[in-house]
Amino acid sequence: MNSLKVAAFLAFKSLTRGDWRVLLLTISMLILVYLNLVFTPALLAGAVQNINNKTRTTMSADLLFQATGESPVLFQAQELVDAIENVDGVAAVCARNNLGAEIHYESETFATGVYAIDPEKDDQVFQIHEAVIEGEPLEPGDVGQILLGAQVAGAEREDLELYASSLKTVHAGSTVVIDYVNGVEREYTVKGIFFTEFVQSDIRAYITEDDLHTMVPPQLHDTATSIYVKLEKGVDRSQVVNEVLAMRSGLKYQTWEDALGVLKSMTKSFDQIIVILRVTALIVAAITIFIVTYVDLVNKRRQIGIERAIGITSSSIVASYILRAIIYAAFGILAAALIFRYIVVPIEAQHPFHFPFGDVMLAVDVPELVSSAFILCGVAIASAFVPAYQTIRTKIIDAIWSS
Amino acid sequence: MISVSNLTKVYKLGSVEVRALVDLSLALEAGGVTCVMGKSGSGKSTLLRQLGLIDRPTSGQIFFDGEDVTRLSDGARARMRLTYLGYIFQEFALLGELTAHENVYLPGMMLGGKTHDHRKRAVELLAMVGLGERIHHKPKELSGGEQQRVAIARALINNPRVLFADEPCANLDTISSEVVMQTLLKLNKELGITIVFVSHDPDDKKYAGRLIYLKDGKQVEEYL
Ligand SMILES: Nc1ncnc2c1ncn2[C@@H]1O[C@H](COP(=O)(O)OP(=O)(O)OP(=O)(O)O)[C@@H](O)[C@H]1O
Ligand SMILES: [Mg+2]
């Protein structure tokens, strides 16, 4: 207790009466370290959130159901959609037919999936209609009209990731020709172009169910290749899955995580990158505190000898260095947190980083910030303890009377 | 009472051994003023550091009031230095970042009790050594003699029973030396503190009730 009091006294006096430039530089270093600790993880977390979010709102919904077995087609789709809509926790349901096709415009060709949708239901599950940048979204009854992803149309936006392989100059109102895999060839007017800023989603094209019905015999009007389910918040997903699977045999399901596909490995890599960056930042913090403490100890070698000779305990002296490190860390963290929250995040929001899945905002995770702060403090304590402890282990007379 | 028996201190510098104290045995009366004299290198400082529990002897024993304190742990020795002993160094040995006042009450804080009381007592002690006006000065703003008197005040904060002073006047002029020595004598007279001081100035004999002459780490009869 007295030791701690004396330690606090010594730490406070040497901080306020020591070289303030050293104090300032040390705290600046820790500010940078803490920003490093939180910035990249926040950015990558923002990216992961974005990927997840775009996947759910433009591609996979929360859950999707498909037919098992040889034929990829589900029959009596309407009946199944209605039944799923009645399951507790289901917010919206829609059915789609995926038709493989080649889209031609002038000399350009783009092979992709064309989805036949019921616009009314589809818009409740997905947000593609909100991403229309030219023309209009699809409406029920639209025949001979197609909605193209920006990466398909090109729309003369040369900065698009896949512009080179797109149809390049297609705009709303252009006429394109579609060759379906079943041999049907049709002309479509481009009703709209959507741009979700998610490449995997923007390479798709959509027509209405009503259009599909004009191409297939009536017995194939009530089909779907996938049924997409949007869940209410906080719903037990496995419960819903079980209920749906019990409705009909020959059903299989995918979660949106399953649907992430290649992006799954990317988010995993992000997590590894975060660990590497954090460890590096912490090593920098450790070395900084170690050097500052070490230099101070070397300069005060004789003083520390005298303190010990007059009866100040070694533990007080070590504790005073630890307290100083904690103060460096605390001020560094505090300043960095303010800078991050009130400068970095707003600036980044104004000038976001662009990724193939859209603009990424920094995702601020408070528990993460707090745990980073504690880890940084822990590292600071250890880095002050080691040299301080070594110093007080030397003999008093060596500290006072040897040069 | 402090006594030592067969005290030997050997400094090892690589393969060279310096025998600073050789088989020394002596006893010091409680409440007295003792002066340790001898030529440079005779082992005076070494003796005082062993007595002040700042260093450990190579062999032999040190007794305080009959109790062997030679093999105490570092913590127990620190406690002894804090509560029982005061030490004044040959070189000025104040803490540069602290004011005179703070230098004096720091060991009080270490001992415990109310910091406020220690601060008050530190002011009294500084007044006693004639520095009542200079308590908020840093060591570098004080003269050598003033620093040495601050060191005396610091040594007194925890009411020690024994005060060791290693050539407290070595770096001072005659007038400052006289002030410092008179301060020490006053402590002995008024508070009954046992004083052991080192000097190589034969004139200082007059302050002491008892003289110990050292030569090559051994006690000798006459100072030569
Ligand atoms: N820390 C040390 N390491 C090695 N040798 C030392 C050390 N301290 C003292 N000595 C040696 O021990 C001997 C006694 O030294 P000491 O300092 O006790 O002498 P002293 O009588 O105090 O001399 P002075 O009057 O010059 O202060 C000397 O030969 C000195 O060189
Ligand atoms: Mg000496």
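Here the structure is a predicted model, which is why all the values come from computation and not from measurement.

Calculation rules
Residues numbered from 1 in each chain as written. Chains lettered and ligands numbered in written order. Predicted model: local features only at pLDDT ≥ 70, side-chain atom pairs only at ≥ 80, totals over all residues. Heavy atoms only, no water. Helix = DSSP H or I, 4+ residues; strand = E, 2+ residues; numbered from the N terminus. Rg over C-alpha atoms; globule rule 2.2 N^0.38 Å. Buried < 20%, exposed > 50% of the residue type's maximum accessible area, 1.4 Å probe, protein only. Contact = heavy atoms within 4.5 Å. Areas by Shrake-Rupley, 256 points an atom, 1.4 Å probe, with all protein chains shown as cover. Lys, Arg positive; Asp, Glu negative; His and termini not counted. Charge placed at Lys NZ, Arg CZ, Asp CG, Glu CD. pLDDT = per-residue confidence, 0-100. Buried area = accessible area lost by both parts, 1.4 Å probe. Salt bridge = Lys/Arg side-chain N within 4 Å of Asp/Glu carboxyl O. Polar contact = N/O pair within 3.5 Å; in protein donor to acceptor, adjacent residues only side chain to side chain. Nonpolar A, V, L, I, M, F, W, Y, C, P; charged D, E, K, R; others polar. Pairing = 2+ DSSP bridges. Axes fitted to C-alpha atoms, helices over the stretch in contact; angles between N-to-C directions. Near = heavy atom within 4 Å. Domains from an automatic or database assignment. Parallel < 35°, antiparallel > 145°, perpendicular 65-115°, else oblique. Left-handed = near helix turned anticlockwise from the far one by under 90°.

Participant: So what exactly am I meant to see when it comes to the overall build of chain A here?
Facilitator: Regarding its fold elements, chain A presents 14 helices and 14 strands. Over its C-alpha trace chain A gives a radius of gyration of 31 Å, far above what one expects of a compact globule, namely 22 Å for 403 residues. When the backbone C-alpha atoms are referred to their principal axes, chain A occupies close to 105 × 50 × 30 Å. The buried share among the 403 residues of chain A stands at 49%. Long-range contacts, defined here as pairs at least 24 residues apart, represent 77% of the contacts in chain A between residues at least 6 apart. Total accessible area computed for chain A in this model is approximately 18,900 Å², and 58% of it derives from carbon and sulfur atoms. Separation of charge centres in chain A, based on 29 positive and 45 negative side chains, amounts to 24 Å.

Participant: So what exactly am I meant to see when it comes to the confidence of the model for chain B here?
Facilitator: As a note on interpretation, predicted positions should not be read in detail where pLDDT is low. Looking at chain B, the pLDDT average stands at 90 and 99% of residues meet or exceed 70. Predicted confidence in chain B is weakest over helix H6 (residues 174-191) of chain B, with a mean pLDDT of 88, and strongest over helix H3 (residues 100-111) of chain B, with 95.

Participant: Please clarify how the interface of chain A and chain B should be interpreted in this entry.
Facilitator: Interfaces are often described in size by the accessible area the parts lose on coming together. Taken together, the contact pairs 27 residues of chain A with 28 residues of chain B. Of the roughly 2,600 Å² buried between chain A and chain B, counting both surfaces, carbon and sulfur atoms make up 64%. Counting the contacts that link chain A with chain B gives four salt bridges. For B:Glu102, the salt bridge identified is with A:Arg17, shortest N-O distance 2.4 Å. Put simply, chain A and chain B have nine residue pairs in polar contact (both at pLDDT 80 or more) between them. Mapped onto the side of chain A that touches chain B, the elements with two or more residues apiece are helix H1 (2-17), helix H11 (301-309) and helix H14 (396-401) of chain A. By residue number, the principal contributor to the side of chain A that touches chain B is H1(A), which donates nine residues. Looking at the side of chain A that touches chain B residue by residue, the class counts come to eleven nonpolar, eight polar and eight charged.

Participant: For this particular structure, what's the right way to read the sheet that holds strand S6 (residues 85-88) of chain B?
Facilitator: One key point about sheets: their strands pair by backbone hydrogen bonds, in either a parallel or an antiparallel sense. Residue and element names in this part refer to chain B. Strand order in the open sheet formed by six strands is S6-S7-S8-S3-S9-S10, and the pairing between neighbours is mixed. The sheet is open, and its two borders are formed by S6 and strand S10 (218-220), each paired with just one other strand. For this sheet, the mean angle separating the axes of adjacent strands, direction not counted, is 25°. Across three bridges, strand S9 (residues 210-215) lies against S10 in antiparallel orientation. If you follow Leu-214 over to S10, its bridge partner there is Gln-219. Strands strand S3 (33-38), S6, strand S7 (162-166), strand S8 (194-198) and S9 of the sheet are contacted by helix H1 (residues 44-51), whose axis makes an angle of about 155° with S7.

Participant: What am I meant to see in the side chain of B:His118 here?
Facilitator: Residue and element names in this part refer to chain B. By secondary structure assignment, the location of His-118 is in helix H4 (residues 115-128). The class of His-118 is buried, set by a relative accessible area of 12%. For His-118, the residues in contact, after removing those within four places along its chain, are Tyr-105, Gly-108, Met-109, Gly-112, Gly-113 and Ile-157.

Participant: Is there a simple way to explain the site of ligand 1 in this structure?
Facilitator: Taken together, 16 residues sit near ligand 1, with B:Ser40, B:Gly41, B:Lys44, B:Ser45 and B:Thr46 positioned nearest. Mapping the residues near ligand 1 onto chains gives chains A and B. Between B:Gly43 and ligand 1, the recorded distance is 3.1 Å, taken from a backbone N or O atom to an oxygen atom. Relative to its unbound accessible surface of 630 Å², ligand 1 loses 72% to contact with the protein. Only strand S1 (2-13), strand S2 (16-28) and H1 of chain B provide two or more residues apiece to the shell around ligand 1. Take the shell around ligand 1: its biggest share by element is four residues, from H1(B). Its residues assigned to classes, the shell around ligand 1 comprises five nonpolar, seven polar and four charged.

Participant: Quick question: what am I supposed to make of the domain arrangement of chain A here?
Facilitator: Residue and element names in this part refer to chain A. Taken domain by domain, chain A consists of domain 1 (2-54 + 264-400) and domain 2 (70-249). On the domain 2 side, the residues contacting the eight residues of domain 1 number five residues. When the two sides are added together, the surface that domain 1 and domain 2 hide from each other amounts to roughly 510 Å², 55% of it contributed by carbon and sulfur. When the buried surface of domain 1 facing domain 2 is broken down by residue, Lys-54, His-354 and Pro-356 rank first, second and third, together holding 71% of it. In this assembly, domain 1 and domain 2 are joined by zero salt bridges. There are two residue pairs in polar contact (both at pLDDT 80 or more) connecting domain 1 and domain 2. At the level of secondary structure, the elements contributing two or more residues to the side of domain 1 that touches domain 2 comprise helix H2 (20-60), strand S13 (353-355) and strand S14 (358-360). Partitioned by chemical class, the residues of the side of domain 1 that touches domain 2 number four nonpolar, two polar and two charged.

Participant: Looking at this structure, how should I read the sheet that holds strand S5 (residues 67-68) of chain B?
Facilitator: All names here are of chain B. On the basis of which strands lie adjacent, the open sheet formed by four strands has the order S2-S1-S4-S5 and antiparallel pairing. Pairing within the sheet leaves two strands with one partner each, and these edge strands are S2 and S5. Summarising the sheet, S1 and S2 pair through nine bridges and their orientation is antiparallel. Each bridged residue has a counterpart across the sheet, and for Lys-12 the counterpart in S2 is Glu-17. Sheet contacts for H1: S1, S2 and strand S4 (59-64); angle to S1, the most-contacted strand, approximately 120°.

Participant: Help me out: how do you make sense of the packing of helix H12 (residues 314-350) of chain A against helix H13 (residues 366-392) of chain A in this one?
Facilitator: Residue and element names in this part refer to chain A. Packing of H12 against H13 leaves a shortest axis separation of 8 Å and a crossing angle of 150°. In terms of orientation, H12 and H13 fall into the roughly antiparallel class. When you trace H12 past H13, the crossing you get is right-handed. Across from Ser-314, Ile-317, Val-318, Tyr-321, Ile-322, Ala-325, Ile-326, Ala-329 and Ile-333 in H12, the residues of H13 making contact are Ala-373, Leu-376, Cys-377, Ala-380, Ile-381, Ala-384, Phe-385, Ala-388, Tyr-389 and Ile-392. Taken together, the residues of the contact of H12 with H13 break down into 18 nonpolar, one polar and no charged.

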